[in-house]
Amino acid sequence: MRTTHVQIVMHSHVNNTNRLFGGRLMEWIDVTAASAARRHAAGEVTTATVDALEFIAPVYLNDLLILEAEVTWTGRTSIEVRVQTYCEALNGDQKLVNRAYLLFVAVDEEGKPKPVPPFIPNGIVQQKEWENALLRREYRLKLREECNQLAELQKEHGCRVRL
């Protein structure tokens, strides 16, 4: 099931060069992806991570953006969602300007993870997305392991990350 959000870029959304703030687009991406994840889970979700947020082309004042979100993979309690953002010209032509993958965890009334319905890929494109999602999951788990090891080393050696 596809979830779509349409947004006209207004003055409050742009910087002094009339380009869309990246953080504003990230907010719209998160909301659109969360809507898709909630629909799939038939319940509440929380954002766990954002993968591969790729700014492909700039977006300007008065541009019309189309954000399209689709579930690409599910785990036991997790849902991965791809969001592709297009800039639509007045003649209807669309250009891809951003692609992002977000991971959500479904939660119950107490905020605890809860199981989600499985996502079954339908067709060759969804199957490829599913396979790529498994690669992203493997990478996330490996990265988490490496970050935990680094944190342990820092703790053992009295180091801390300074901001």
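Residues numbered from 1 in each chain as written. Predicted model: local features only at pLDDT ≥ 70, side-chain atom pairs only at ≥ 80, totals over all residues. Heavy atoms only, no water.

Caption draft 1: Examining the layout of surface pockets more closely. By volume, the largest pocket is sized at about 240 Å³. If you trace the largest pocket, you find it lined by Ala48, Thr49, Trp73, Gly75, Ser78, Leu103, Val105, Arg137, Arg140, Leu141 and Arg144. When residues in the lining of the largest pocket are grouped by element, the largest group, four residues, is from helix 2 (residues 124-156). Per-class residue counts for the lining of the largest pocket are five nonpolar, three polar and three charged. (1 Å grid on protein atoms, 1.4 Å probe; cavity = no way out; pocket = protein on both sides within 12 Å on 5 of 7 lines; lining within 4 Å. Points joined across faces, edges and corners; volume = space filled by probe spheres on them. Helix = DSSP H or I, 4+ residues; strand = E, 2+ residues; numbered from the N terminus. Nonpolar A, V, L, I, M, F, W, Y, C, P; charged D, E, K, R; others polar.)

Caption draft 2: Expanded view of the environment of Ile56. Of note, Ile56 is situated in the loop between strand 2 (45-55) and strand 3 (64-74). Looking at Ile56, the relative accessible area reads 39%, which means it is partly exposed. If we skip the residues at most four places from it in the chain, Ile56 touches Leu96, Val97, Asn98 and Arg99. (Buried < 20%, exposed > 50% of the residue type's maximum accessible area, 1.4 Å probe, protein only. Contact = heavy atoms within 4.5 Å.)

Caption draft 3: Representation of unusual backbone geometry. With a phi angle near 65°, Asn18 is a residue other than glycine that sits in the positive phi range. The class of Asn18 is partly exposed, set by a relative accessible area of 36%. The backbone phi angle of Asn62 is positive, close to 75°, even though this residue is not glycine. Here Asn62 shows up in the loop between strand 2 and strand 3. Here Asn62 falls in the exposed class, since its relative accessible area comes to 58%.

Caption draft 4: View of empty space enclosed by the protein. The tally for this structure, following the rule as stated, stands at one cavity of 30 Å³ or more. The calculated volume of the largest cavity comes to roughly 30 Å³. As for the largest cavity, its lining consists of Arg2, Glu68, Ala69, Glu70, Arg82 and Gln84. Elements that contribute at least two residues to the lining of the largest cavity include exactly strand 3 and strand 4 (78-88). It is strand 3 that contributes the most residues to the lining of the largest cavity, three residues altogether. Of the residues belonging to the lining of the largest cavity, the class tally is one nonpolar, one polar and four charged.

Caption draft 5: Here's a closer look at the packing of aromatic side chains. Enumeration according to the criterion identifies two aromatic pairs in this entry. Note on Trp73 and Trp130: the rings are 6.3 Å apart at their centroids and 45° apart in plane angle, and the pair reads as tilted. Taken together, the residues span a long stretch of sequence, with Trp73 in strand 3 and Trp130 in helix 2 at a distance of 57 residues. Here a set of aromatic residues connected by ring pairs shows up, and it is made of Trp73, Phe119 and Trp130. Above the plane of the ring of Tyr101 lies Arg136, whose end atom (NZ or CZ) is 3.6 Å from the centre. (Phe/Tyr/Trp six-rings, centres within 6.5 Å; stacked < 30°, edge-to-face > 60°. Lys NZ or Arg CZ within 6 Å of the ring centre and 35° of its normal.)

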